[in-house]
Amino acid sequence: MQLDKINAAGSGTWSSPFSVSQAISNQTGAAYSVEGYVVGQPTSQTSVVTSSFPNDYALALADSPSETNTSDMVYVQIPSSFRSSYGLQSNPELMGQKLKVTGNLTDYFSHPGVKSTSAFEEVQGDSDPADPNDPPTYEGYYSTAEGKTGSTLKSALHNIIDDHITLSYSEVWEALRNTDEDPGNSNNVLLLYSGRSQSKFTNGGGVDDWNREHVWAKSHGDFGTAQGPGTDLHHLRPTDVTVNSSRGNLDFDNGGGEHSEAPGNYYDGDSWEPRDEVKGDVARMIFYMAVRYEGDSGEIDLELNNIVNNGSAPYHGKMSVLLEWHAQDPVDSREIRRNDIIFEQYQGNRNPFIDHPEWAEMIW
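Quick notes on the rules
- Residues numbered from 1 in each chain as written.
- Predicted model: local features only at pLDDT ≥ 70, side-chain atom pairs only at ≥ 80, totals over all residues.
- Heavy atoms only, no water.
- 1 Å grid on protein atoms, 1.4 Å probe; cavity = no way out; pocket = protein on both sides within 12 Å on 5 of 7 lines; lining within 4 Å.
- Points joined across faces, edges and corners; volume = space filled by probe spheres on them.
- Helix = DSSP H or I, 4+ residues; strand = E, 2+ residues; numbered from the N terminus.
- Nonpolar A, V, L, I, M, F, W, Y, C, P; charged D, E, K, R; others polar.
- Buried < 20%, exposed > 50% of the residue type's maximum accessible area, 1.4 Å probe, protein only.
- Contact = heavy atoms within 4.5 Å.
- Salt bridge = Lys/Arg side-chain N within 4 Å of Asp/Glu carboxyl O.
- Axes fitted to C-alpha atoms, helices over the stretch in contact; angles between N-to-C directions.
- Parallel < 35°, antiparallel > 145°, perpendicular 65-115°, else oblique.
- Left-handed = near helix turned anticlockwise from the far one by under 90°.
- Pairing = 2+ DSSP bridges.
- Core = buried A, V, L, I, M, F, W, Y, C linked by side-chain atoms within 4.5 Å.

**What about the layout of surface pockets?**
By volume, the second largest pocket is sized at about 430 Å³. Along the walls of the second largest pocket sit 21 residues, with Pro79, Thr117, Asn159, Ile160 and Asp162 positioned nearest its centre. At the level of secondary structure, the elements contributing two or more residues to the lining of the second largest pocket comprise β6 (113-122) and α3 (150-161). If one sorts the elements of the lining of the second largest pocket by residue count, α3 sits on top with four residues. Of the residues in the lining of the second largest pocket, the class split is seven nonpolar, twelve polar and two charged.

**Describing the side chain of threonine 70**
Mapped onto the secondary structure, threonine 70 falls in the loop between β3 (58-62) and β4 (73-77). Owing to a relative accessible area of 16%, threonine 70 belongs among the buried residues under this scheme. Ignoring any residue separated from it by four or fewer positions in sequence, one finds threonine 70 in contact with Thr46, Val48, Tyr75 and His111.

**Observations regarding the pattern of salt bridges**
Enumeration over the complete set of coordinates arrives at 18 salt bridges. Of the charged contacts, one joins lysine 279 and glutamate 273 as a salt bridge, the two residues approaching to 3.0 Å between their closest N and O atoms. Ionic pairing is found between glutamate 299 and arginine 292, a salt bridge with its closest N-O pair at 2.9 Å. Judged by its relative accessible area of 22%, glutamate 299 is partly exposed. Sharing partners across several salt bridges, the network here consists of Lys154, Glu294 and Glu303.

**Points about the packing of helix α6 (residues 279-292) against helix α7 (residues 319-328)**
At a minimum axis separation of 7 Å, α6 and α7 run at an interaxial angle of 125°. Relative to α7, the element α6 is oriented oblique. In this structure, α6 crosses over α7, and the sense of that crossing is left-handed. Together, Lys279, Gly280, Val282, Ala283, Arg284, Ile286 and Phe287 of α6 and Leu322, Leu323, Trp325, His326 and Gln328 of α7 make up the contact between the two elements. Looking at the contact of α6 with α7 residue by residue, the class counts come to seven nonpolar, three polar and two charged.

**Overview of the side chain of asparagine 305**
Within the element layout of this structure, asparagine 305 appears in the loop between β16 (303-304) and β17 (315-316). According to the relative accessible area criterion, asparagine 305 is buried, its value standing at 16%. When residues no more than four places from it in sequence are discounted, the contact partners of asparagine 305 are Asn310, Tyr315, His316, Gly317, Lys318 and Met319.

**Considering unusual backbone geometry**
Omega for the peptide link from glycine 317 to lysine 318 comes to 15°, which places this bond in the cis form. Its place among the elements puts lysine 318 in the loop between β17 and α7. A positive phi angle, near 50°, is found at serine 52, a position not held by glycine. Within the fold, serine 52 resides in the loop between β2 (47-49) and β3. Although it is not a glycine, serine 116 sits at a positive phi angle of roughly 50°. Mapped onto the secondary structure, serine 116 falls in strand β6. Its relative accessible area of 41% is what places serine 116 among the partly exposed residues.

**Considerations on the sheet that holds strand β12 (residues 251-252)**
As summarised here, the arrangement of the four strands in space is β12-β15-β14-β13, forming an open sheet in which the pairing is mixed. In the strand order of this sheet, the two ends are held by β12 and β13 (257-258), each with one partner.

**Quick look at empty space enclosed by the protein**
According to the stated counting rule, one finds one cavity of 30 Å³ or more in the structure shown. By volume, the largest cavity is sized at about 80 Å³. Along the walls of the largest cavity sit His234, Arg237, Asp281, Arg284, Met285, Glu335, Arg338, Asn339, Ile342, Asn351 and Ile354, which together make up its complete lining. Secondary-structure elements contributing two or more residues to the lining of the largest cavity are α6 and α8 (333-346). Of all the elements, α8 adds the most residues to the lining of the largest cavity, at four residues. Looking at the lining of the largest cavity, its residues break down into three nonpolar, three polar and five charged.

**Let's talk about the nonpolar core**
If you look at the biggest cluster of nonpolar residues, it comprises 62 residues, and the most contacted ones within it are Leu61, Leu157, Phe252 and Leu322. Among the elements that make up this core, the one with the highest residue count is α6 (nine residues). Trp210, Leu233, Leu236 and Tyr346 belong to the second largest nonpolar core, which has 14 residues in total.

Listed below in structure tokens is the structure:
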């Protein structure tokens, strides 16, 4: 009897997750959300135990809570930050419960799986259904950062958002058409500095085209357009070609002359001041980069400082001004939407300073 089996097809987003059968059929390595019933803990390619769980490292999901055929299960890797809440040795009562998870759909135990898992949530029963339009809470996502401050908090957040899925530089074009879509016109993107709405497909290098602005200037550390910092969507935004050229690799500070093509933006020989509507956005993107890239795994170590004219050094300023902008321009719905799209559809990681603005002052 399969009345309780999940049959509805989803699109792989948090609000419309894949079924387990869809996850099995879409083992592409990309990040998607998947929903299913907990049916045990995988211990090998063909073995799933349903009691006496050996550890908290993995669980198996299926479209039916009574599923016993491992070929109809997907194996979910449980990162250390989620083990105390979702590992079966610690939480055997999760057996038969419905979970929603987000991660990379790729082999685990040489079996269809979900790895580098970045979000877990227990799905409420039919008697108290969750509103599909509600944003995910990500309660477990930041669990290892709770109660920490200063460098300890910075390190904990780094470990949470590290090792994200990377895009090629050419893939960034299409991603920006999605992340920066004009909510008033789905055919357009909104440009960061000018605020202008224009066609998604007028990207390029010509006058009045839009191109890919690195908010953390790519020369600040000489990472260029390499996969990782050079293609990280959390700091890449569409901007007018001419305005992008004017900003160049300037640090951020107040003052200067107003830009003729982007009113409200000011610049001089050593700094750029964005318009008021995106000052906080800029600050939070810079905060993210300074936490995400800490020099491990062969990556560059990017850091904030309180000066301008940083040139090619892997530093960005001006920290005190960025903190002021962060407070002056609070997180808005467009930032939240953008953070969710990057997390759910592209990179599998989040900007912590959009989710928890208070953490910026606690670190810096």
